[in-house]
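Letter by letter, the chains look like this.
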Amino acid sequence: MIQLSNVSKYYDNEAVLKDISFFVDKGDLIYITGPSGAGKTTLLKLIYRAERPDEGSIHVAGWDVGELKQSTIPYLRRNIGVVFQDFKLLFNRNVFDNVALALRIHGLHPDEIKETVNEVLKDIGLRHKAHEFPQHLSGGEQQRVVIARAMVSKPTVLLADEPTGNLDPDTAQIIIKLFKEINARGTTVVIATHHSDLFDNTGRRVIHLKGGELIRESIG
Ligand SMILES: Nc1ncnc2c1ncn2[C@@H]1O[C@H](COP(=O)(O)OP(=O)(O)OP(=O)(O)O)[C@@H](O)[C@H]1O
Ligand SMILES: [Mg+2]
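In this report, the structure presented in the accompanying data block is examined.

Here is what the cut-offs are and how they apply
Residues numbered from 1 in each chain as written. Chains lettered and ligands numbered in written order. Predicted model: local features only at pLDDT ≥ 70, side-chain atom pairs only at ≥ 80, totals over all residues. Heavy atoms only, no water. Helix = DSSP H or I, 4+ residues; strand = E, 2+ residues; numbered from the N terminus. Rg over C-alpha atoms; globule rule 2.2 N^0.38 Å. Buried < 20%, exposed > 50% of the residue type's maximum accessible area, 1.4 Å probe, protein only. Contact = heavy atoms within 4.5 Å. Pairing = 2+ DSSP bridges. Axes fitted to C-alpha atoms, helices over the stretch in contact; angles between N-to-C directions. Salt bridge = Lys/Arg side-chain N within 4 Å of Asp/Glu carboxyl O. Parallel < 35°, antiparallel > 145°, perpendicular 65-115°, else oblique. Left-handed = near helix turned anticlockwise from the far one by under 90°. Near = heavy atom within 4 Å. Polar contact = N/O pair within 3.5 Å; in protein donor to acceptor, adjacent residues only side chain to side chain. Areas by Shrake-Rupley, 256 points an atom, 1.4 Å probe, with all protein chains shown as cover. Nonpolar A, V, L, I, M, F, W, Y, C, P; charged D, E, K, R; others polar.

Quick look at the overall build of the protein chain
- A count of helices and strands for the protein chain gives 6 helices and 10 strands.
- A compact globule built from 220 residues would reach a C-alpha radius of gyration of about 17 Å, and the protein chain, at 17 Å, matches this within 12%.
- Looking at the protein chain as a whole, 48% of its 220 residues are labelled buried.
- Counting contacts in the protein chain only where the partners sit at least 6 residues apart, residues at least 24 apart contribute 65% of the total.

Considerations on the sheet that holds strand β10 (residues 213-219)
- As summarised here, the arrangement of the 6 strands in space is β6-β7-β8-β3-β9-β10, forming an open sheet in which the pairing is mixed. Sheet topology places β6 (80-83) and β10 at the edges, where each strand pairs with a single neighbour. For this sheet the average axis-to-axis angle between neighbouring strands, irrespective of direction, equals 20°.
- Judged from the 6 bridges that link them, strand β9 (residues 205-210) and β10 form a sheet pairing that is antiparallel. Paired with R205 across the strands is I219, a residue of β10.

Overview of the pattern of salt bridges
- For the coordinates displayed, the defined rule picks out 8 salt bridges.
- Between E217 and R205 there is a salt bridge, and its shortest N-O distance comes to 2.6 Å. Of this pair, E217 sits in strand β10 while R205 sits in strand β9, placing them 12 residues apart in sequence.
- For E217, a relative accessible area of 41% corresponds to the partly exposed category.

A word on the packing of helix α5 (residues 139-151) against helix α6 (residues 169-184)
- Between α5 and α6, the shortest axis-to-axis distance is 10 Å and the interhelical angle comes to 15°. The orientation of α5 relative to α6 falls into the category roughly parallel. Here the hand of the crossing between α5 and α6 comes out right-handed. Contacts between α5 and α6 involve G140, Q143, R144, I147 and M151 from the first element and T171, I174, I175, L178, F179 and I182 from the second.

A closer look at the site of ligand 1
- Taken together, Y11, V16, P35, S36, G37, A38, G39, K40, T41, T42 and H194 make up the full set of residues adjacent to ligand 1.
- Here an oxygen atom of ligand 1 sits 2.8 Å away from a polar atom, N or O, in the side chain of T41.
- For ligand 1, whose accessible area on its own is 640 Å², the fraction buried by protein is 60%.
- A total of 3 residues in the shell around ligand 1 trace back to one element, the largest contributor, which is helix α1 (residues 40-48).
- Here the residues of the shell around ligand 1 are counted per class, giving 4 nonpolar, 6 polar and 1 charged.

Printed below as a string of structure tokens:
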């Protein structure tokens with residue numbers, strides 16, 4: 001589903017990713033870890049085509065991501081849900097509208113939008129908060145809405161960057177459980193985190209980056 005082959009990325013002539021190769025099978029859930037500055041976020045950005053590799057290639061669901069024409073990028077992104085720290089909720093829209101946004105952009109019929117959004121809100125346990133505004137939700141609830149927004153277009157791939165960043169351990173476990181459920185329904189999930197407690201004892205693949213290099217792979 002995701003294949004990186006000898007990928008390098010430079011910022012200001014400094015390599016932030018060096019000769020990275022790995023694959024993620026369809027339906028897998030894997031973790032990418034490493035200290036701050038290791039290149040985790042950059043790696044996810046390359047998969048999402050927010051950045052392009054300087055060397056090597058990235059294939060996602062059959063697309064050669066680095067070589068995509070500008071006009072094709074939206075088709076790639078329809079297949080990729082993202083939970084990134086800088087993709088915040090809209091604070092002047094309620095929970096329902098935040099989640100519905102992508103479907104409205106895709107031009108779905110309002111009845112279909114209503115049904116799909118309510119279904120996803122039920123999945124994340126926030127059906128009763130549909131008409132609340134984000135600032136009236138706790139941090140963990142807001143993060144669940146961010147995940148709902150990423151899930152609503154039923155992406156084949158879900159990318160999450162430090163999805164449990166500021167959450168207490170219990171709420172973090174709820175979020176991780178949500179990702180496992182999404183994964184169990186067939187979505188390929190990639191989670192970047194430096195919190196090893198998220199993947200310890202999960203039996204999942206963990207890719208370790210350090211200084212832009214893939215230093216090892218382990219099983220959590
Ligand atoms: N747009 C940019 N321009 C220049 N340098 C950048 C840019 N984005 C990232 N970098 C550099 O690339 C390196 C890797 O950054 P990245 O954000 O991928 O790390 P990370 O593993 O996600 O770290 P963290 O755990 O702190 O989020 C860092 O040294 C960072 O300063
Ligand atoms: Mg990061």
